[in-house]
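Here's the letter readout for the chains.
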Amino acid sequence: MADELILLDVHVSMFGMRVRVALAEKGIEYEYREENLANKSPLLLEMNPVHKKIPVLIHNGKPISESLIIVQYIDEVWKDKFPLLPSDPYQRAQARFWADFVDKKIFDAGRRIWTRKGEEQEAAKKEFIDALKLLEGELGEKAYFGGDKFGFVDVALITFYSWFDTYETCGNFSVEEHCPKLVAWAKRCMEKESVSKSLADPKMVYEAVLMLKKKFGIE
């Protein structure tokens, strides 16, 4: 029996994009369903009753939530196709550490860049750039975070690339000016079809952020 896969997602979500990249990298077909977070579907509320958030991957009727957990699940279930996590336990732990770092540092600081002004925004920009510099140091001279092959940390971070324009526009700064090697890595990732076809257009991201700013009265 063929696997039935449904992805509940929002196109501009950097977390949803991770799942799309992982599925594309593995060459797995699935049904995509766009959610309206202002009016969440009964299916989303049923499949993720705890957090009520996207993305949710439904595999043969069973839901998996939280993007990094979903990516690891995909890697384990379809382990014969382009492994994303290293086979070595220590390297696997390191990959999970840096992916967790992205969630804890990059997302939060990035969000504050477009939701705050003045000193709070400046502090967020510094935190964002400092975190990217740490990631750039971890990347070093490697093609990808895992070495020669695109892997788990690359999936975790590359989806934020489609948000860089928004952060730069709202914060009036240049990521490339501070982290040229990281931007070169991002462009290298974008040469992969699994990435370029899965990431949202930066213009769509910015338009979505403008709508959110208007909705929440952030000028």
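Quantities reported herein were computed from a predicted structural model and do not represent experimental measurements.

With respect to the pairing of strand E4 (residues 62–65)
As a general feature of sheets, a regular strand has side chains that alternate between the two faces. Across four bridges, strand E3 (residues 56–59) lies against E4 in antiparallel orientation. In the strand pairing of E4, valine 56 is matched with serine 65.

Quick notes on the pairing of E3
Burial along E3 is two-sided: Val56 and Ile58 facing one way and Leu57 and His59 facing the other are all buried. Inspection of the sheet shows strand E1 (residues 5–9) paired to E3 by four bridges, in the antiparallel sense. Paired with leucine 7 across the bridge in E3 is leucine 57. Hairpin connection, E3 to E4: the antiparallel pair is bridged by two residues, and asparagine 60 has positive phi, about 50°.

Some remarks on the environment of glutamate 193
Relative to the assigned elements, glutamate 193 resides in helix H10 (residues 193–196). When its relative accessible area of 55% is taken as the criterion, glutamate 193 is described as exposed.

Some details on the UniProt feature "domain: GST C-terminal" (unreviewed entry) in the chain
Under the local residue numbering, the UniProt record ascribes the feature "domain: GST C-terminal" (unreviewed entry) to residues 88–216. Measuring from the first to the last C-alpha atom of residues 88–216 gives 46 Å, for a span that is 75% helix and 0% strand.

Some points on the sheet that holds E3
What the four strands build is an open sheet, ordered E2-E1-E3-E4; its pairing is mixed. At either end of the open sheet lies a strand with only one pairing partner, and these are strand E2 (31–34) and E4. Geometrically, the sheet is characterised by an average inter-axis angle of 20° between neighbouring strands, direction not taken into account. Each of E1, E2 and E3 touches helix H1 (residues 14–26); the most contacted strand, E1, lies at about 150° to it.

A closer look at the packing of helix H7 (residues 164–171) against helix H11 (residues 202–215)
Contact geometry for H7 and H11: axes closest at 8 Å, N-to-C directions at 50°. Considering their axes alone, H7 and H11 lie oblique with respect to each other. Here H7 runs over H11; the crossing is right-handed. Two secondary-structure elements touch here, H7 through Asp165, Thr166, Thr169 and Cys170 and H11 through Pro202, Val205, Tyr206, Val209 and Lys213.

Calculation rules
All residue numbers refer to positions counted from 1 along the written sequence of the respective chain. The predicted origin of the model limits local features to residues at a pLDDT of at least 70 and limits the giving and counting of side-chain atom pairs to 80 or more, whereas totals for whole chains, interfaces and linings rest on all residues. Note: side-chain values were computed over all heavy atoms of the structure, leaving out hydrogens and water. Here, a strand pair is defined by DSSP locating no fewer than two bridges between the strands. A run of H or I in DSSP counts as a helix once it spans at least four residues, and a run of E counts as a strand once it spans at least two, with each numbered from the N terminus. Think of it in three bands: residues with accessible area under 20% of the maximum for their type are buried, residues over 50% are exposed, and the middle band is partly exposed, with areas taken using a 1.4 Å probe on protein chains only. UniProt positions are given in the numbering used here, feature names are shortened, and annotations may be inferred rather than shown by experiment. All axes are obtained by fitting lines to C-alpha atoms, using only the stretch in contact for helices, and the reported angles, taken between N-to-C directions, cover 0 to 180 degrees. Here, two residues are considered to be in contact whenever any of their heavy atoms come within 4.5 Å of each other. By definition in this entry, angles of less than 35 degrees are roughly parallel, angles greater than 145 are roughly antiparallel, angles of 65 to 115 are roughly perpendicular, and the rest are oblique. Helix crossings fall into two classes, left-handed where the near helix is turned counterclockwise from the far one by less than a right angle and right-handed where it is turned clockwise.

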